[in-house]
Amino acid sequence: MDRVSAFDEPLKKLLGGPTAKVMAEHLDLHTVGDLLHHYPRRYEERGRLTALTDLPLDEHVTVVAQVADARVHTFNGGRGRRLEVTLTDGHGRLQLVFFGHGVHKPHKELLPGRRAMFAGKVSVFNRKMQLAHPTYQLLDAADTDEASEAVDAFAGKLLPIYPACKQLDSWRIAKAVDTVLPSAGEAVDPLPAALREGRGFTPLPEALLKIHRPATKADVAAARDRLKWDEAFVLQVALARRRYADTQLPAVARRPAPDGLLDAFDAKLPFTLTDGQQKVSKEIFDDLATEHPMHRLLQGEVGSGKTLVALRAMLAVVDAGGQAAMLAPTEVLAQQHHRSITEMMGELAEGGMLGGADQGTKAVLLTGSMGTAARRQALLDLVTGEAGIVIGTHALIEDKVKFHDLGLVVVDEQHRFGVEQRDALRSKGKQPPHLLVMTATPIPRTVAMTVFGDLETSVLDQLPAGRSPIASHVVPAKDKPHFLSRAWERVREEVENGHQAYVVCPRIGDDEDDTAKKKGKKAAEEEAATADKRPPLAVLEIAEQLAKGPLHGLHVEVLHGRMQPDDKDDVMRRFAAGDVDVLVATTVIEVGVNVPNATAMVIMDADRFGVSQLHQLRGRVGRGSAPGLCLLVTEAHEASPARARLGAVAATLDGFELSRIDLEQRREGDVLGQAQSGVRSSLRVLNVIDDEEVIAAARQEAVAVVAADPELEHLPELRTALDALLDKEREEYLDKG
């Protein structure tokens with residue numbers, strides 16, 4: 001067998017069809033190489049019990065613990081049976097629950113004093129952590145072959161606990177790894193020999209053996225150090241090659257004309273730009289003046305004035321005879337951007353011909369739901385060059401949209417766009433247009449280096465003068481119902497003081513089936529015994545309750561994604577004009593909506609939103625001179641991670657700090673996933689937050705390697721590793737940017 005094919009061997013061959021099928025479908029593992037790179041999440045030490053006190057809610061966990069107590073309860077007049085088992089680890093307790101026919105076997109085996117591995121999903125019932133119907137494997141009963149194997153495995157110093165799924169427990173994954181582990185000797189080492197020797201790294205086959213079957217903690221540390229470097233280096237080489245290729249592309253240099261549109265716009269501004277805005281604008285203008293396409297990421301705090309910076313870049317390109325397109329993720333946002341850009345530009349947005357002496361240009365809107373006549377006019381304005389600026393949704397990408405001379409593409413909220421869409425818009429230029437990506441979610445430097453490593457980064461971290469502070473508080477609706485009553489009183493007070501408020505809900509409502517009727521009796525019993533599973537609160541229901549109840553007499557309206565575009569626009573206009581007191585909405589208001597008179601926001605079921613989403617939503621208030629108020633309403637259990645997350649959001653307005661917290665809690669798979677075209681994260685041991693030094697050093701080494709050998713002709717092993725990382729889908733992602 002040659003060196004590569006051992007890793008490419010399908011798991012089905014070695015593990016059998018059923019196991020391989022579960023691994024492929026639920027863990028995205030298909031080959032021997034995939035499984036060898038599926039590293040343990042952590043290790044249990046023999047004789048040391050897992051801390052049951054800090055289990056994550058709603059996650060699939062594996063714990064090693066001892067049975068303290070087991071009792072069978074009957075219900076439904078003796079017809080139903082439920083086994084409740086209490087586990088202990090000397091610090092905390094955890095409850096297991098089994099129902100119906102599932103009671104017999106555990107009732108015989110899980111006797112007080114017995115020790116076992118248990119795997120299941122953590123939920124809360126009656127304020128206690130529990131696992132419903134966990135799978136388990138006894139560790140101290142050698143009456144079966146499997147149990148004695150488990151004892152043998154457990155007799156090792158460190159017991160690996162693998163990322164698992166409901167269909168496949170950690171210990172079954174460990175057995176599968178034992179089957180493929182001999183292939184570790186065939187691993188192709190991606191690190192150039194000079195780099196490997198210079199940094200004194202463990203050879204790759206040895207690192208793989210040590211991470212899966214360590215004898216000591218030092219083995220784990222050495223293996224992790226080595227494997228982190230592989231991940232960081234291969235990813236940084238991919239990004240460095242991308243940056244190198246971009247520098248080889250031609251582009252039209254766009255320099256603003258003196259006394260042109262940009263100068264006319266700047267003269268009209270009623271305020272001066274912040275130092276941050278001036279610095280970032282200079283970076284962008286320097287890029288636009290070069291004959292290679294700009295690839296820049298503009299990130300900044302909510303309300304730091306990114307749109308203004310992007311607009312000035314667009315005006316500079318129009319000044320230089322080109323056109324600029326801004327791509328927004330939703331129609332509401334495209335309309336909002338169009339409105340704020342035309343308001344900022346005033347009569348400059350009503351110009352005649354492109355770059356004409358009257359210094360004006362046309363700023364047009366193009367969305368999928370526009371009427372035929374308006375759409376035809378917009379398309380005509382683009383192809384003739386009459387419109388220097390176009391703001392639109394993915395409707396801009398359609399084949400029939402033609403530009404006179406597309407010079408700049410601004411993509412708002414990049415993570416909401418597929419790479420193909422950005423690529424399709426970029427291909428509309430005669431030569432590759434310059435690209436500016438805006439993200440309203442501040443990203444820690446390490447993530448920017450990893451996820452957006454192909455883009456130069458500009459950061460706006462100053463808020464413009466005149467922005468007001470926002471006070472944020474968690475409202476525990478279940479524990480303290482009077483806090484929620486007070487929240488509605490606060491909304492009334494804001495309205496009485498001449499202000500307006502948002503109420504945000506996770507769901508629209510009215511279309512959800514009555515699932516309870518469809519559930520079988522057993523499922524209903526089990527669900528009752530697991531956590532409180534009510535559906536998220538819905539806009540339509542909450543709006544009705546508020547209008548009839550605590551906000552009776554105020555003008556309450558709704559806004560959500562299923563409304564007709566004209567209706568949405570109408571509601572937003574009336575809210576902006578002050579005709580609506582309280583807007584009950586979904587997250588359609590998350591980005592770009594600017595109503596300075598709105599001072600209060602109540603977020604229902606706040607625990608169902610991510611940290612960065614909450615920060616985005618909160619940024620809709622406090623946009624004027626009056627202070628903002630954001631109330632995070634939750635029924636989450638006080639000790640739950642969800643409550644900790646909300647506490648973190650309430651405690652700081654620093655988006656960069658929050659994005660770090662968000663990452664620490666979610667791990668970076670989600671972040672890479674959303675940026676990398678839905679391709680699974682390639683990071684397995686590298687932690688984007690903690691391994692800043694590794695990422696920075698790997699980036700430096702990668703740049704040097706690519707500068708010396710852009711095609712990696714002298715590094716065939718690195719090419720192989722790159723091909724494995726950049727499977728077809730991801731290769732396209734990196735090629736397109």
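What you are looking at is a predicted structure, and each value in this text was computed from that prediction instead of being measured.

J.: Which residues make up the overall build of the protein chain, and what values do they have?
T.: Across its full length, the protein chain carries 29 helices and 21 strands. Considering only contacts in the protein chain between residues 6 or more positions apart, those separated by 24 or more positions represent 75%. Only carbon and sulfur atoms are counted for the fraction: they give 51% of the accessible area of the protein chain, which is about 31,700 Å².

J.: Can you tell me about the pattern of salt bridges, naming the residues and giving the values?
T.: The full count for this structure, using the stated rule, is 35 salt bridges. One salt bridge connects D69 with R71, and the closest N-O pair in it is separated by 2.8 Å.

J.: So, the packing of helix α10 (residues 217-248) against helix α28 (residues 716-725): which residues are in play, and what are the values?
T.: Two numbers describe how α10 lies on α28: the axes approach to 10 Å, and their chain directions differ by 85 degrees. Looking at the two axes, α10 sits roughly perpendicular to α28. Side by side, α10 and α28 meet where F233, V234, L235, V237, A238 and R241 of the first sit next to L718, R719, A721, L722 and L725 of the second. Class assignment of the residues belonging to the contact of α10 with α28 gives a composition of nine nonpolar, no polar and two charged.

J.: An account of the nonpolar core is requested, with residue identities and associated values reported.
T.: Core analysis: the largest hydrophobic core is formed by 40 residues, its most contacted members being M345, I389 and L408. Considering each element in turn, this core owes the most residues, ten residues, to helix α13 (residues 306-319). Those residues in contact with I389, other than ones at most four positions away along the chain, are L311, M314, L315, V318, A324, M345, T361, K362, A363 and V364. Judged by nonpolar contacts, the second largest core, of 33 residues, contains L11, L35, V180 and L227.

J.: Go over empty space enclosed by the protein with me, naming the residues and quoting the values.
T.: Taken as a whole and judged by the stated rule, the model has one cavity of 30 Å³ or more. Computed from the structure, the largest cavity encloses a volume of approximately 40 Å³. Looking at the lining of the largest cavity, the elements with two or more residues in it are α23 (611-618) and α25 (655-666). If you tally residues by element for the lining of the largest cavity, the top one is α23, at four residues. The residue makeup of the lining of the largest cavity, split by class, is four nonpolar, six polar and no charged.

J.: Could you give me a rundown of the side chain of T393, with the residues and numbers involved?
T.: For T393, the position within the fold is in the loop between β12 (387-392) and β13 (406-412). The class for T393 is buried, based on a relative accessible area of 3%.

J.: Describe in detail helix α14 (residues 331-345), supporting the description with residues and values.
T.: Along an α-helix, a turn takes 3.6 residues, which lines up residues three or four apart on a common side. The terminal C-alpha atoms of α14, which comprises 15 residues, lie 21 Å apart, in line with the 21 Å expected from a rise of 1.5 Å per residue. The element α14 is extensively covered by neighbouring structure, given that eleven of its 15 residues are classed as buried. For α14, the set of buried residues is E331, V332, L333, A334, Q335, Q336, H337, H338, R339, I341 and M345. Two or three places before L333, at the opening of α14, T330 has a side-chain oxygen 3.1 Å from that residue's backbone nitrogen. Downstream of α14 by one or two residues, G346 has phi in the positive range, about 60 degrees.

J.: I'd like to hear about the confidence of the model for the protein chain, residue by residue, with values.
T.: Should pLDDT be low for a region, the predicted coordinates there are not to be read in detail. Per-residue pLDDT for the protein chain averages 81, and the proportion of residues at 70 or more is 84%. Within the model, pLDDT remains below 50 along residues 512-532, and this stretch shows 24 contacts once partners closer than five positions in the same chain are excluded.

The rules behind these values
Residues numbered from 1 in each chain as written. Predicted model: local features only at pLDDT ≥ 70, side-chain atom pairs only at ≥ 80, totals over all residues. Heavy atoms only, no water. Helix = DSSP H or I, 4+ residues; strand = E, 2+ residues; numbered from the N terminus. Contact = heavy atoms within 4.5 Å. Areas by Shrake-Rupley, 256 points an atom, 1.4 Å probe, with all protein chains shown as cover. Salt bridge = Lys/Arg side-chain N within 4 Å of Asp/Glu carboxyl O. Axes fitted to C-alpha atoms, helices over the stretch in contact; angles between N-to-C directions. Parallel < 35°, antiparallel > 145°, perpendicular 65-115°, else oblique. Nonpolar A, V, L, I, M, F, W, Y, C, P; charged D, E, K, R; others polar. Core = buried A, V, L, I, M, F, W, Y, C linked by side-chain atoms within 4.5 Å. Buried < 20%, exposed > 50% of the residue type's maximum accessible area, 1.4 Å probe, protein only. 1 Å grid on protein atoms, 1.4 Å probe; cavity = no way out; pocket = protein on both sides within 12 Å on 5 of 7 lines; lining within 4 Å. Points joined across faces, edges and corners; volume = space filled by probe spheres on them. Expected span 1.5 Å × (residues − 1). Polar contact = N/O pair within 3.5 Å; in protein donor to acceptor, adjacent residues only side chain to side chain. pLDDT = per-residue confidence, 0-100.

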